[in-house]
There are 2 protein chains.
Amino acid sequence: MKPKSLLPNRPLTVAILGSSGAVGKELLALLEERSFPVGKLILLASHRSAGDIQSFCGTEVKVEETTKDSFKNVDLILASAGSSISRKWKDTIQSSGALMIDNSSAFRMDENVPLIVPEVNPSDAIKHKGVISNPNCTTILLALVLSPLTRHIPIKRIVVSTYQSASGAGAMAMEELEKLSQEVLDGKTPKSKVLPYSLAFNLFLHNSPLQSNNYCEEEMKMVNETRKILGDPELSLTATCVRVPVLRAHSESVNIEFTKPFPVKEAYEILEASPGVEILEDLENNRFPMPQDVTGRDPISVGRIRQDISNPNALELWLCGDQIRKGAALNAVQIAELLLPKNYE
Amino acid sequence: MKPKSLLPNRPLTVAILGSSGAVGKELLALLEERSFPVGKLILLASHRSAGDIQSFCGTEVKVEETTKDSFKNVDLILASAGSSISRKWKDTIQSSGALMIDNSSAFRMDENVPLIVPEVNPSDAIKHKGVISNPNCTTILLALVLSPLTRHIPIKRIVVSTYQSASGAGAMAMEELEKLSQEVLDGKTPKSKVLPYSLAFNLFLHNSPLQSNNYCEEEMKMVNETRKILGDPELSLTATCVRVPVLRAHSESVNIEFTKPFPVKEAYEILEASPGVEILEDLENNRFPMPQDVTGRDPISVGRIRQDISNPNALELWLCGDQIRKGAALNAVQIAELLLPKNYE
């Protein structure tokens, strides 16, 4: 018997909340590309973007301002307008009976909200009570690699440093990076407005709020969300999150200590067979994953898996993934796909 | 009594080998800025750059092509023209009796060649037999932080990820980054010639040759050189080296495990008092060292020292330093200064 919490078995009325952002636009593209069963598409945004026209499957769709009536008779809401907007509309959405897949951090650590990476913990999705959270972008990429490895040999500790693109701060941050880079090339002094400092030929520690332990919020998201997704509340993980002048793909340098030595060859075999992951390397040409390799693509790319010379039980590896795609929009659409009745037939 | 291996106590004849490169030009600027006792300056380069004019203390100096007679009656040679050039001229230089301070990796691991970071192991300099090596840029920055900390509580293991600027690959790589960034902004597809891949809005694992253990040469330099400088051949260190689209300052994300817990406050106090290191942070404004803060400056900047939440004996910290300056030219001039007789009076 199909669980009640599946989506209805008919063309769906789908609303995108925050359809004008970088992730919103990618959601639209992915619904079309993946032939998601959309019967009616509703694009919702703030007053400012209302009236804009976006294209979907050859038709033009007008962006509407979000109101309390926007969610009536909607089956699925893909929300990507930030935490405050998600918090503002959550109760209205829940009382409408629609399923909300939320890209913000608002409900990720709520014990009643599943936090899903479809390749990692798909069976948690069905436990939802109306809301499913999409994890943080860096967390999704990391979980895709950690999950298959820790099933083989348990992980003891992870040390990760990130190289995060401008897209993580939204479409306006991407535009700002291009604008300020041009200013630097023109010999001007760049002044940022969207990000706190200029990212043009520069980089800085992630600007999310500092916590009392001096980790920033982004780093603690990686720690707490990874623990929830992997179902291991005691997992030892430390992260340093850094914004770099790249447009839309994140990279991560990952050191993983296991409970015993993990043969490199086995790690390659396991990750090569893992859904959502590809090994991209050419040892002879010293060629490993780069942001430009994964931009606009679905899988995350992994390479340079090597025995850590400082610890017999540890491996080092390098990964890149498109932040807007697998780091956000693709993962959200994949969560919705988990709940299509046809996937239970 | 002054050791024989000091430089002569008079204005010196100084030659810069590779004077047309990014580091060569900075050497010239630093000799002037630091009032190094230059009696005569000789600028040496390849046939291609011979005849170029550079300015030193208000006079114009013509660049000469390097020949076997270039080193006669020279007291000090600051070499920064790459390993093959350093190897080519080493014997000629040594038979001339001059002191060679070499910025290349050619002799760094030679047991007869001291490898010096003046703030860390100055007393090793005097043991030279005609050649002193300047360490790799990332190693210099890291050693400045590790040395004072490990003297307080011994280090057990270090995990480091780097964010290395284009300048590490020379002046032409810096120009290429600017040129290719402009091409990307103009909607063109960038094609690199100096670096193996385009660094414009992209990044990649350091392109130095892969070793049999799948670490690249740059990473193994960090491991082996840090061991030599700290005088700890068993030091456990693992590194992932990454080139990022920044012009001339390197950054490093450093995780340091000690033999027991290291109070964060003490780490701040120790590094604050360490020569060559500054603490640059503004917790209230979430402001930590950035490449643009250290560009063209001497000290390396450290911030976000925090208790590692994954290991009670570990600290996390972040550092930035100018690659051309402290990472290369400044460190070389400081080594020469160690051997000025006035510093032994």
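Residues numbered from 1 in each chain as written. Chains lettered and ligands numbered in written order. Predicted model: local features only at pLDDT ≥ 70, side-chain atom pairs only at ≥ 80, totals over all residues. Heavy atoms only, no water.

Undergrad: Tell me what's going on with the overall build of chain A, and back it up with residues and numbers.
TA: Of regular secondary structure, chain A possesses 8 helices and 15 strands. A compact globule built from 345 residues should have a C-alpha radius of gyration of about 20 Å, and chain A, at 20 Å, falls within 12% of that. Along the longest, intermediate and shortest principal axes, the C-alpha atoms of chain A span 60 × 60 × 45 Å. Relative to its full complement of 345 residues, chain A shows a buried share of 60%. Excluding contacts between residues fewer than 6 apart, the proportion of contacts in chain A whose partners are at least 24 apart in sequence is 67%. (Helix = DSSP H or I, 4+ residues; strand = E, 2+ residues; numbered from the N terminus. Rg over C-alpha atoms; globule rule 2.2 N^0.38 Å. Buried < 20%, exposed > 50% of the residue type's maximum accessible area, 1.4 Å probe, protein only. Contact = heavy atoms within 4.5 Å.)

Undergrad: Which residues make up the domain arrangement of chain A, and what values go with them?
TA: All names here are of chain A. Per the domain assignment, the segments making up chain A are domain 1 (12–135 + 329–344) and domain 2 (139–323). Spacing between the C-alpha centres of domain 1 and domain 2 amounts to 25 Å. The interface is formed by 17 residues belonging to domain 1 together with 17 residues belonging to domain 2. Summing both sides of the interface, domain 1 and domain 2 together bury roughly 1,500 Å²; the carbon and sulfur share of this comes to 62%. (Domains from an automatic or database assignment. Buried area = accessible area lost by both parts, 1.4 Å probe.)

Undergrad: Talk me through the interface of chain A and chain B; I want residue IDs and the actual numbers.
TA: The interface of chain A with chain B comprises 62 residues on the first partner and 62 residues on the second. Carbon and sulfur atoms supply 56% of the area buried between chain A and chain B, which totals about 5,200 Å² over both sides. Taken together, chain A and chain B are joined by 6 salt bridges. With its nearest N and O atoms 3.6 Å apart, the salt bridge here joins Arg306 of chain A to Glu219 of chain B. Linking chain A with chain B are 35 residue pairs in polar contact (both at pLDDT 80 or more), by the criterion used here. Tallied by class, the residues present in the side of chain A that touches chain B amount to 30 nonpolar, 23 polar and 9 charged. (Salt bridge = Lys/Arg side-chain N within 4 Å of Asp/Glu carboxyl O. Polar contact = N/O pair within 3.5 Å; in protein donor to acceptor, adjacent residues only side chain to side chain. Nonpolar A, V, L, I, M, F, W, Y, C, P; charged D, E, K, R; others polar.)

Undergrad: Give me the relation of the copies chain A and chain B: which residues, what numbers.
TA: For these two chains of identical sequence, chain A goes onto chain B by a turn of 180° and a shift of 0.0 Å along the axis, with RMSD 0.0 Å. Such values leave the two copies arranged in the relation of a two-fold axis. Both copies contact each other with a shared surface, as 100% of the interface residues of chain A are interface residues in chain B too. (Least-squares fit on C-alpha atoms with pLDDT ≥ 70 in both.)

Undergrad: So what's going on with the sheet that holds strand S13 (residues 277–279) of chain B? Residues and values would help.
TA: Residues and elements named next belong to chain B. Read across the sheet, 6 strands follow the order S10-S8-S12-S15-S14-S13 without closing on themselves; strand pairing throughout is mixed. Both outer strands of the open sheet, strand S10 (236–240) and S13, are each paired with one neighbouring strand and no more. Sheet twist, expressed as the average angle between the axes of neighbouring strands with direction ignored, equals 25°. Bridging between strand S14 (residues 300–307) and strand S15 (residues 314–322) involves 5 bridges; their strand directions are antiparallel. Looking at S15, one finds that Gln307 is bridged to Leu315. Most of the contacts of helix H6 (residues 264–272) go to S14, to which it runs at about 170°, and overall it touches S13, S14 and S15. (Pairing = 2+ DSSP bridges. Axes fitted to C-alpha atoms, helices over the stretch in contact; angles between N-to-C directions.)

Undergrad: Tell me what's going on with empty space enclosed by the protein, and back it up with residues and numbers.
TA: Scanning the entire structure with this criterion turns up 5 cavities of 30 Å³ or more. In this structure, the largest cavity encloses a volume near 60 Å³. Around the largest cavity, the lining is made up of 13 residues, and of these Val159 and Ser161 of chain A together with Val159, Val160 and Ser161 of chain B lie nearest the centre. When contributions to the lining of the largest cavity are tallied by element, the ones reaching two or more residues are strand S8 (155–163) and strand S12 (249–258) of chain A together with strand S8 (155–163) and strand S12 (249–258) of chain B. Classifying every residue of the lining of the largest cavity by side-chain character gives 5 nonpolar, 6 polar and 2 charged. A volume near 50 Å³ is recorded for the second largest cavity. Around the second largest cavity sit Val23, Leu27, Leu78, Ala79, Ser80, Ile101, Asp102, Asn103, Asn134, Ala328, Ala329 and Ala332 of chain B, which together line it. Within the residue set of the lining of the second largest cavity, elements represented by two or more residues are helix H1 (22–33), strand S5 (76–79), strand S6 (99–102) and helix H8 (325–338) of chain B. With 3 residues, the single largest contributor to the lining of the second largest cavity is H8 of chain B. Class assignment of the residues belonging to the lining of the second largest cavity gives a composition of 8 nonpolar, 3 polar and 1 charged. (1 Å grid on protein atoms, 1.4 Å probe; cavity = no way out; pocket = protein on both sides within 12 Å on 5 of 7 lines; lining within 4 Å. Points joined across faces, edges and corners; volume = space filled by probe spheres on them.)

Undergrad: Lay out the UniProt feature "binding site: substrate" (unreviewed entry) in chain A in plain terms, naming residues and giving numbers.
TA: All names here are of chain A. UniProt annotation of "binding site: substrate" (unreviewed entry) refers to Gln164, Glu217 and Arg243 when read in the numbering used here. The named residues occupy 80 residues along the chain; their greatest pairwise C-alpha distance, 14.3 Å, places them in one compact cluster. Mapped onto the elements, Gln164 comes out in the loop between S8 and helix H4 (171–185). The residues contacting Gln164, other than those within four sequence positions of it, are Thr138, His206, Glu218, Cys241, Val242, Arg243, Val244 and His250. (UniProt positions renumbered as here; feature names shortened; annotations may be inferred.)

Undergrad: Got a sec to walk through the packing of aromatic side chains? Specific residues and values, please.
TA: Per the stated rule, a full pass over the model turns up 9 aromatic pairs over all chains. Relative to Trp318 of chain A, the ring of Tyr163 of chain A lies with its centre 5.2 Å away and its plane at 75°, an arrangement referred to as edge-to-face. Here Trp318 of chain A lies in strand S15 (residues 314–322) and Tyr163 of chain A lies in strand S8, a separation of 155 residues in the sequence. Exposure remark for Tyr163 of chain A: the relative accessible area of 0% places this residue in the buried category. Taking the centre distance of 4.5 Å and the plane angle of 50° together, the rings of Phe258 of chain B and Phe262 of chain B count as tilted. Arg287 of chain A extends its terminal NZ or CZ atom over the ring of Tyr197 of chain B, reaching a point 5.1 Å from the ring centre. (Phe/Tyr/Trp six-rings, centres within 6.5 Å; stacked < 30°, edge-to-face > 60°. Lys NZ or Arg CZ within 6 Å of the ring centre and 35° of its normal.)

Undergrad: Go over the side chain of Glu183 of chain B, please, and point to the residues and values.
TA: For Glu183 of chain B, the position within the fold is in helix H4 (residues 171–185). If we ignore the near neighbours within four places in the chain, the residues touching Glu183 of chain B are Lys188, Thr189, Pro190 and Lys191 of chain B.

Undergrad: Before we move on, can you summarise the UniProt feature "domain: Semialdehyde dehydrogenase NAD-binding" (unreviewed entry) in chain A with the specific residues and values?
TA: Mapped onto this numbering, the UniProt entry gives "domain: Semialdehyde dehydrogenase NAD-binding" (unreviewed entry) at residues 13–128 of chain A. Spanning residues 13–128 of chain A, this segment combines 22% helix with 28% strand, and its end C-alpha atoms are found 19 Å apart.

Undergrad: Tell me about the side chain of Thr162 of chain B, and name the residues and values.
TA: Along the chain, Thr162 of chain B falls in strand S8. Thr162 of chain B gets classed as buried once you look at its relative accessible area, which sits at 0%. Here the side chain of Thr162 of chain B touches Gln164 of chain B through a polar contact of 2.8 Å, side chain to side chain. Contacts of Thr162 of chain B, omitting those with residues within four sequence positions, involve Tyr163 of chain A together with Thr138, Met222, Thr240, Cys241, Val242, Ser251 and Glu252 of chain B.

Undergrad: For unusual backbone geometry, give the residues involved together with the corresponding values.
TA: Most peptide bonds take the trans form, and the phi angle of most residues other than glycine is negative. In this structure, Asn214 of chain A is a non-glycine residue whose phi angle is positive, near 70°. Relative to the helices and strands, Asn214 of chain A resides in the loop between strand S9 (204–205) and helix H5 (217–230). In the Ramachandran plot, Arg304 of chain B falls in the positive-phi region, its phi being about 55° despite a non-glycine side chain. With respect to the helices and strands, Arg304 of chain B occurs in strand S14. Judged by relative accessible area, Arg304 of chain B falls into the buried class, the value being 0%.

Undergrad: Hey, could you go over the packing of helix H3 (residues 137–152) of chain B against H8 of chain B for me, with residue numbers and the actual values?
TA: Each pair of packed helices gets described by two things: the angle between the helix axes and the distance between those axes. Residue and element names in this part refer to chain B. With their axes 8 Å apart at the nearest point, H3 and H8 run at an angle of 85° to one another. In terms of their interaxial angle, H3 and H8 are classed as roughly perpendicular. For the pair H3 and H8, the contacting residues are Cys137, Ile140, Leu141 and Leu144 in the first and Lys326, Gly327, Ala328 and Asn331 in the second. (Parallel < 35°, antiparallel > 145°, perpendicular 65-115°, else oblique.)

Undergrad: Give me the sheet that holds strand S14 (residues 300–307) of chain A: which residues, what numbers.
TA: Residue and element names in this part refer to chain A. The sheet built from 6 strands is open, its strands ordered S10-S8-S12-S15-S14-S13 with mixed pairing. Looking at strand neighbours, the two that pair on one side only are strand S10 (236–240) and strand S13 (277–279), the edges of this open sheet. Looking at each pair of strands side by side, their axes are set apart by 25° on average, direction ignored. Pairing analysis gives 8 bridges linking S8 to S12, with the strands arranged antiparallel. When the bridges of S12 are listed, Ser161 appears paired with Ser253. This element, H5, spans S8, S10 and S12 of the sheet and lies at about 155° to S10. Contacts from helix H6 (residues 264–272) reach S13, S14 and S15 within the one sheet, and its direction differs from that of S14 by about 170°.

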